[in-house]
Amino acid sequence: ASGDTKNSENGSDVLTVGFSQVGAESDWRTANSESMKDTFSSENGYELIFDDAQQKQENQITAIRNFIQQEVDYILLAPVTETGWDTVLQEAKDADIPVIIVDRMVDVSDDDLYTTWIGTDSLQEGRKAADWLNQYAEAKEVKPEELNIVNIQGTIGSTAQIGRTKGLEEGVEKYGWNLLAQQTGEFTQAKGQEVMESMLKQYDNINVVYCENDNEAFGAIDAIEAAGKTVGGDIKNGEIAVISFDTTNAGLTDTLSGKIACDVECNPLHGPRAEELIKKLEAGEEVEKLNYVAEEIFTHGNDVAKVKAVNSLGDEEEFEVTQITQEIL
Ligand code: GZL
Ligand code: ZN
C-alpha cells in the first residue's frame, strides 16, 4: 500500500482508508468522527470507508477484516478497549496494510503490529485533574480528608478510562482523599445520570464528582440538581464540585457557568494529524511511533494558576490553568 500514491493497492489514484470508529457515545466522539470524515473526503483525494462499532470490539474486528478483504490502503483504528487486538492486527500485517491507531491506545504483544499512533495522554489528563483538585481544596480551605469523591468512570478497559482513573487513584493515595464509589458511566450522558442517581441514594456526603467525560458530567449534573443539591465549587458550603474531561463546547459552557469546576482538555480533531502521518508514509518517510497531542485544562475561577503532571513518557510537565471566558467558547 505504501509507495506511489498514484498506484495505490486497488490501482486507482485515490487512497482508500478504512476507519473503525468506537461508536457515537459522546460529543467528543462525534467531533472526532467529523474530523476524520472532513479530512478523508473524496475532494481531498480519499475514499473513506467508515464503520461505527457501537462500542463493541467484535464489530471493530469484523470491520478490520472487511477492510482487509477490500484491500484498503490504510486502516485507522480507534480501539474501544486496550486489549484483544493481536490476532486481527497480525492479519492486517500479513496483508501488508499499515494500521494507524487513533485516540485510545492498544496493548499488543509486539508494537510492530501497528505502524503509528496519534492521540492524547489520558494518564496525564487524570494527573492534571488530581493536582488541580489538591490545590483547589487548599484554596477553598477544605482538608484532604474532608473530600468525599465519587468516580463515574468511562468505558471499562479503554485507555481513556484506565488513565483517568489511575490519575485520580494516585491522588487518593497521595493526599488521603475519601473515594466513596467508582462505577462506569460508559462515557454516555444517560448512564452518567443513572449512576449519579444511585450514588446519591447511597451517600449523602458527596462533595466531588470525578466524571471521565463531559457527557457523564451532563448526566451527573442533572441528577444532582434533581436531588435538590447544588453543583458549583463552594465545597465548604455544601456545593458539589464536578470535574470532567473533553472540553466539548457544552462542557466549556458549563465550566463558564461554574456547573463544572474543572474541565481537562482532550482534543478530538485527529483527522489532519492522521493525514499528515499517511502523507509521510506515502512519501516513504519515517514517522514517530507515538504522536501525543498537546492539551490544556480549563476552569472558571482563579483558585489554581498552574498544575503539574507527569506524562505517560515519565516527564513532568507544568500547565497554566486557563480561565474560560465567553470569547473562548
Ligand atoms: C478520549 C476518548 C474518550 C472521550 C470520550 O481520548 O477516547 O472517548 O473522553 C469518548 O468522550 O467517548
Ligand atoms: Zn485524551
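Rules used throughout
- Residues numbered from 1 in each chain as written.
- Chains lettered and ligands numbered in written order.
- Predicted model: local features only at pLDDT ≥ 70, side-chain atom pairs only at ≥ 80, totals over all residues.
- Heavy atoms only, no water.
- UniProt positions renumbered as here; feature names shortened; annotations may be inferred.
- Buried < 20%, exposed > 50% of the residue type's maximum accessible area, 1.4 Å probe, protein only.
- Helix = DSSP H or I, 4+ residues; strand = E, 2+ residues; numbered from the N terminus.
- Pairing = 2+ DSSP bridges.
- Axes fitted to C-alpha atoms, helices over the stretch in contact; angles between N-to-C directions.
- Salt bridge = Lys/Arg side-chain N within 4 Å of Asp/Glu carboxyl O.
- Near = heavy atom within 4 Å.
- Areas by Shrake-Rupley, 256 points an atom, 1.4 Å probe, with all protein chains shown as cover.
- Nonpolar A, V, L, I, M, F, W, Y, C, P; charged D, E, K, R; others polar.
- Parallel < 35°, antiparallel > 145°, perpendicular 65-115°, else oblique.
- Contact = heavy atoms within 4.5 Å.

By the naming in an unreviewed UniProt entry, the protein chain is Monosaccharide ABC transporter substrate-binding protein (CUT2 family), taken from Muricomes intestini. Looking at the protein chain in UniProt, the text filed under Sequence similarities (unreviewed entry) is "Belongs to the bacterial solute-binding protein 2 family." Under the UniProt heading Subcellular location (unreviewed entry), the entry covering the protein chain gives this text: "Cell envelope".

Peer 1: What is the right way to read the pairing of strand E5 (residues 116-119) from this model?
Peer 2: Two faces belong to every sheet, and in a regular strand the side chains alternate between them. Here E5 shows two buried faces, one formed by Thr116 and Ile118 and the other by Trp117 and Gly119. Sheet topology places strand E4 (residues 99-103) next to E5; four bridges connect them, and they run parallel. For Ile100, the partnering residue across the bridge sits in E5 and is Thr116. As paired strands, E5 and strand E11 (residues 290-292) are joined by three bridges and run parallel to one another. Directly across from Ile118, in E11, lies its bridge partner Asn291.

Peer 1: How should I be thinking about the sheet that holds strand E12 (residues 297-299) in this particular structure?
Peer 2: Through backbone hydrogen bonds, the strands of a sheet pair up, either in parallel or in antiparallel fashion. Overall, mixed pairing links the eight strands, which are arranged E7-E6-E8-E9-E10-E12-E14-E13 in an open sheet. Edge positions in the sheet fall to strand E7 (178-184) and strand E13 (306-310), since each of these pairs with one other strand and no more. Here the strands of the sheet are splayed against their neighbours by 20 degrees on average, with no regard to which way each runs. Judged from the three bridges that link them, E12 and strand E14 (residues 316-323) form a sheet pairing that is parallel. Looking at the pairing, Phe298 lines up with Thr322 of E14.

Peer 1: Where do I start with the pattern of salt bridges in this structure?
Peer 2: Charged atoms that come close allow side chains of opposite charge to pair. For the coordinates displayed, the defined rule picks out 14 salt bridges. For Arg104, the salt bridge identified is with Asp103, shortest N-O distance 3.9 Å. Exposure class is identical for Arg104 and Asp103. Each is buried. Within the structure, one salt-bridge network assembled from shared partners comprises Glu25, Arg29, Asp103 and Arg104.

Peer 1: Teacher, can you tell me more about the site of ligand 1 here?
Peer 2: As a matter of local geometry, ligand 1 sits amid 13 residues, with Glu25, Asp103, Arg104, Arg164 and Asp246 nearest to it. Here ligand 1, which alone exposes 320 Å², has 100% of that area covered by the protein. Only helix H1 (27-39) and helix H5 (159-175) provide two or more residues apiece to the shell around ligand 1. Per-class residue counts for the shell around ligand 1 are four nonpolar, three polar and six charged.

Peer 1: Explain the UniProt feature "domain: Periplasmic binding protein" (unreviewed entry) in the protein chain here, please?
Peer 2: Within this structure's numbering, the places UniProt gives as "domain: Periplasmic binding protein" (unreviewed entry) are residues 17-261. For residues 17-261, helix accounts for 43% and strand for 20%, while the C-alpha atoms at its two ends are 40 Å apart.

Peer 1: Help me out: how do you make sense of the packing of helix H2 (residues 57-69) against helix H3 (residues 86-94) in this one?
Peer 2: When two helices pack together, their arrangement is given by the angle between the helix axes and by the axis-to-axis distance. One way to put it is that H2 packs onto H3 with a least axis distance of 10 Å and a crossing angle of 10 degrees. Judged on the interaxial angle alone, H3 and H2 are roughly parallel. Counting all contacts with H2, which are made through Ile61, Ile64, Arg65 and Ile68, the residues of H3 involved are Thr87, Val88, Glu91 and Ala92.

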